[in-house]
Amino acid sequence: MGAPRGGRERHHQKERKSTQAAANGKFRRRKGRKDDEIEEIEALDSRIAAGAPQPGTNPLASVLEKEGAAEEGKDGTLRPYVGAKMFEQLPISDRTMRGLKDAKYTHMTAIQRAALPHALCGRDVLGAAKTGSGKTLAFLIPVVEKLFRLRWSNMDGVGALIISPTRELAVQIFDELKKVGKNHSLSGGLLIGGRKDVEAEKDRVNNLNILVCSPGRLLQHMDETPNFDCSQLQVLILDEADRILDMGFAGTLNAILAQIPKQRQTLLFSATQTRSVQDLARLSLKDPEYLAVHSESTVATPARLQQTAMIVPLDEKLDMLWSFIKTHLHAKTLVFLSSCKQVKFVHEAFKRLRPGVPIACLHGRMKQAQRLIVFYKFCEAKHSVLFATDVASRGLDFPTVDWVVQVDCPEDVASYIHRVGRTARYTAAGRSLLFLVPSEKNILAALEAARIPISTIKPNMSKIQRVSEALAGLLSKDPDLKYMAQRSFVTYLRSIHVRSDKSVFDVSKLPINEFALSLGLPTTPRIRFLKKGAGNLSQSSHQNVEHEVDESADDMEKDHGGERTNEDSSSDDPDSKADTGGNLKAGNKRSKLDRLFHRKNADVLSAAYDKMRSHEGGGSQATGAEEGAKDDDFLTRKRSTREAEPNEDANEIVSSRPLKDSRQPKKKKLKIDPNKGGNQRLVFDDEGNALPPLLALAKQKNLGGQSNSDIGKLFYLEVLSVIY
Ligand SMILES: Nc1ncnc2c1ncn2[C@@H]1O[C@H](COP(=O)(O)OP(=O)(O)OP(=O)(O)O)[C@@H](O)[C@H]1O
């Protein structure tokens, strides 16, 4: 039964009226929102212009009288912001402020206090600050704010490029961008090598406003993607610029710079600044503000980092590493080796020996999805050991790393600083241990000259657990493992051979036959590159010399030659160079070592070894490990060098945020807004193929209990996702 005709008509009229009223209301609300936004932008612009810091000054030197968010413009004056200590004192939008609050970012770190006032004014910045001191936010906030104040929309295309040296770092920056930008209606994308479906990216890339990229992939899009348009670009960010150059991306970077507008803002950040970065800055920055916030610091590494070195004969390195792991079963440890092949071998061999703690490896020859699985797993692990090459040394923010162990000596001081910087991040404490073979002792003087306080310690020999025999047993049963050991042996010697500073790296001083035995090899592999000019190192006189290791096999693993490729090549990775003679190039750079050592704006660290000893029982060290002894039993003090003031950084980094929070593992948030037009979330399967949207939605529902492959998928789900 229907309503009487007149009644139904009246009912429809009423419905139409209310729909129209709702539409008008919506329109008014939307218009109101727009007006509010314009008003907010005008207010921000005025405040930024009125309070701009003097060019050439460091805002850290100023102090704002009144803390907290005073009410804006009540008495007609515009609130100053130079010298601000809290984000809410800055002229930044309400949307960004809400994002920062949700992420529990309230107080700024020193580099943020120094760089943000200049960067918000649109100035170019060359920023240097210690590892773990918050450089990422120092460049992300200006990016988001600039585009917001320009009322950038999807129709405007690419407004900002953020270039990172490694894929993992790009992923991490993208995670941080999502926190800061989540309340903005800007879109962002992650463009990194190692994914097959570059075609799908090509369809979307033009609609995205902020691109976080590795250099190779970005240039690939610039060259191959029809209509890829960066002509409206407003901001360029170069994170870890010196690493981008060290990895051989100078050519790629030049090609990128040639294709973007000269009229733009450029921000360039790194914990270590080299001559090449200064050259790059001259080329790509205009009247930049040089902000080196820790240059006056008495130490160049984080204040809460306790650093030690230990002289370890080459043929005892694995015993020492094994003993360290066994005595630190309750720690989270990052172990650096110099090449992929060493990482692969040590990881595989130790895995078979079952140390009693989860172990994993990360290097540039792994498939991209696998790399991200390892990356996220290590982020979330409480007790774990990760064997890595320098692919993990820059910028990566693994939470709660207790120890960084450098089994192989870093190439230079900058490399040392970045490696140890994976621990003691933000306000956390951490420890590091450097193994040096006797002939590498000279690097200690260079580290001291670079204001790095490092104590020399010696192991407690009664705690040493030998592994060579166990390795020999494994290798005798497994030819594949034996081959890995041979290649690890050759690659290590080659890495020393190509380094130019012979006062530290002298292959002729190494006990190579003993080294081979220590890896479990019954005979010493023959090494082609040592035949000539290897000084007193004579392999041929040794009866145990084996057939030459087929180095051509190594060569076959070389990068595909170019810096750009769509596939899983290592083109975006430092390892591709490290394993294949790329060190020669790096070796040339070593002629600049002296200048590096005397660099003024490196990082900082402090921490007396005495304090380290008294630290016993704190953190998650080996206390309570059933199988192992305590670390302090294993490591004993020999000599202490310069000792820094314990709380040097206390005034520079203040946060109301509990320490625990800064060390929380990053949880991925997946948000779907089906009403959002323009940019669509792309979803890829394990092979990197794009999935239809509905299937993608179905898959996202199952992300609760993540298997390994789910974690890999998480990364792909976020490629080209929208920032809400
Ligand atoms: N203002 C802040 N308040 C609280 N935590 C912060 C703040 N700024 C940064 N952090 C946290 O400090 C840690 C280190 O920050 P970030 O990774 O940006 O350091 P970085 O200087 O870029 O280090 P690296 O030189 O190693 O790349 C991160 O976990 C980040 O979330």
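Everything here concerns the structure above.
Our subject in this report is the structure included herewith. (Residues numbered from 1 in each chain as written. Predicted model: local features only at pLDDT ≥ 70, side-chain atom pairs only at ≥ 80, totals over all residues. Heavy atoms only, no water.)

**A word on the packing of helix α12 (residues 340-353) against helix α17 (residues 479-497)**
(1) Moving on: It is the contact of α12 with α17, at a shortest axis distance of 8 Å, that shows an interaxial angle of 140°. One element, α12, and the other, α17, form an angle in the oblique class. Between α12 and α17 lies a crossing of left-handed hand. Contacts from K341, Q342, K344, F345, E348, A349 and R352 in α12 reach L481, M484, A485, R487, S488, T491 and Y492 in α17. (Axes fitted to C-alpha atoms, helices over the stretch in contact; angles between N-to-C directions. Helix = DSSP H or I, 4+ residues; strand = E, 2+ residues; numbered from the N terminus. Parallel < 35°, antiparallel > 145°, perpendicular 65-115°, else oblique. Left-handed = near helix turned anticlockwise from the far one by under 90°. Contact = heavy atoms within 4.5 Å.)

**What to know about helix α4 (residues 135-149)**
(1) Moving on: The first and last C-alpha atoms of α4 sit 22 Å apart over 15 residues, in line with the 21 Å expected at 1.5 Å per residue.
(2) Moving on: Positive phi appears at R151, one or two residues downstream of α4, with a value of about 55°. (Expected span 1.5 Å × (residues − 1).)

**Looking at the site of the ligand**
(1) Moving on: Every one of the 22 residues lining the ligand counts as a neighbour, but Y105, H107, K135, T136 and D397 are closest to it.
(2) Moving on: A distance of 2.8 Å separates a nitrogen atom of the ligand from a polar backbone atom of H107.
(3) Moving on: A distance of 3.0 Å separates an oxygen atom of the ligand from a polar side-chain atom of E240.
(4) Moving on: When the free accessible area of the ligand is taken as 640 Å², the share hidden by the protein chains comes to 96%.
(5) Moving on: Ranked by residues supplied to the shell around the ligand, first place goes to α4 with three residues. (Near = heavy atom within 4 Å. Polar contact = N/O pair within 3.5 Å; in protein donor to acceptor, adjacent residues only side chain to side chain. Areas by Shrake-Rupley, 256 points an atom, 1.4 Å probe, with all protein chains shown as cover.)

**Quick look at the nonpolar core**
In globular proteins that are soluble, nonpolar side chains generally tend to be buried together.
(1) Moving on: By size, the foremost hydrophobic cluster in this structure holds 139 residues, and its most contacted members are F87, L321, F350, F387, F398, F489 and L493.
(2) Moving on: When residues in this core are grouped by element, the largest group, eight residues, is from α4.
(3) Moving on: With 31 residues, the next largest nonpolar core counts L126, L219, F228 and L257 among its residues. (Core = buried A, V, L, I, M, F, W, Y, C linked by side-chain atoms within 4.5 Å. Buried < 20%, exposed > 50% of the residue type's maximum accessible area, 1.4 Å probe, protein only.)

**Let's talk about the pairing of strand β11 (residues 384-388)**
(1) Moving on: Within β11, five of the five residues are buried, which leaves the element mostly enclosed by the surrounding structure.
(2) Moving on: In the sheet, strand β9 (residues 332-336) pairs with β11 via five bridges, with the strands oriented parallel. Across the sheet, residue F336 finds its bridge partner in β11, namely A388.
(3) Moving on: The pairing of strand β10 (residues 359-362) with β11 spans four bridges and is parallel. Looking at the pairing, A360 lines up with L386 of β11.
(4) Moving on: The parallel pair β10 and β11 is bridged by helix α13 (residues 368-380), and the resulting crossover is right-handed. (Pairing = 2+ DSSP bridges. Right-handed = clockwise from strand over helix to strand, strands pointing away.)

**Notes on helix α10 (residues 275-284)**
(1) Moving on: Here α10 has its buried residues at S276, V277, L280, A281 and S284. Axial view of α10: buried residues confined to an arc of 145°, hence all on one face.
(2) Moving on: The inward-facing, buried residues of α10 contact β1 (125-128), β5 (235-239), α8 (241-246), α9 (250-258) and β6 (265-270). (Arc of directions from axis to C-beta.)

**A short note on the side chain of E168**
(1) Moving on: Among the structural elements, E168 can be located in helix α5 (residues 167-181).
(2) Moving on: If near-sequence neighbours (up to four positions away) are discounted, E168 is found in contact with L362, Q368, R371, F375, V391 and L396.

**Observations regarding the sheet that holds β6**
(1) Moving on: Here seven strands make up an open sheet; going across it, the order is β3-β4-β2-β5-β6-β1-β7 and the pairing parallel. Edge positions in the sheet fall to β3 (188-191) and β7 (289-292), since each of these pairs with one other strand and no more. In this sheet, neighbouring strand axes are inclined to one another by 10° on average, regardless of whether the strands run parallel or antiparallel.
(2) Moving on: Note that β5 and β6 share five bridges and pair parallel. Considered in β6, the bridge of L238 is made with L268.
(3) Moving on: Strand contacts of α10: β1, β5 and β6, with the helix running at about 170° to β6, the strand carrying the most contacts.

**So, the packing of aromatic side chains**
(1) Moving on: Evaluated as defined, the whole model comprises nine aromatic pairs.
(2) Moving on: Residues F375 and F398 carry aromatic rings whose centres are separated by 5.5 Å and whose planes lie at 55° to one another, so their mutual orientation is tilted. Here F398 lies in the loop between β11 and β12 (403-406) and F375 lies in helix α13, a separation of 23 residues in the sequence. In terms of burial, F375 and F398 fall into one category: buried.
(3) Moving on: Among the aromatic side chains, those forming a connected cluster through ring pairs are F375, Y376, F378 and F398.
(4) Moving on: In this structure, K332 is placed above the aromatic ring of F378, and the distance from its NZ or CZ to the ring centre is 5.1 Å.
(5) Moving on: Cation over ring: R499 sits above F505, and NZ or CZ is 4.7 Å from the ring centre. (Phe/Tyr/Trp six-rings, centres within 6.5 Å; stacked < 30°, edge-to-face > 60°. Lys NZ or Arg CZ within 6 Å of the ring centre and 35° of its normal.)

**Describing the packing of α5 against α13**
(1) Moving on: For the pair α5 and α13, the least separation of the axes is 10 Å and the interaxial angle reads 60°. Between α5 and α13, the angle is such that the two are oblique. The handedness of the crossing between α5 and α13 is right-handed. From α5, R167, E168, V171, Q172 and D175 reach across to α13, where they touch Q368, R371, L372, F375 and Y376.
(2) Moving on: For the contact of α5 with α13, the per-class residue count stands at four nonpolar, two polar and four charged. (Nonpolar A, V, L, I, M, F, W, Y, C, P; charged D, E, K, R; others polar.)

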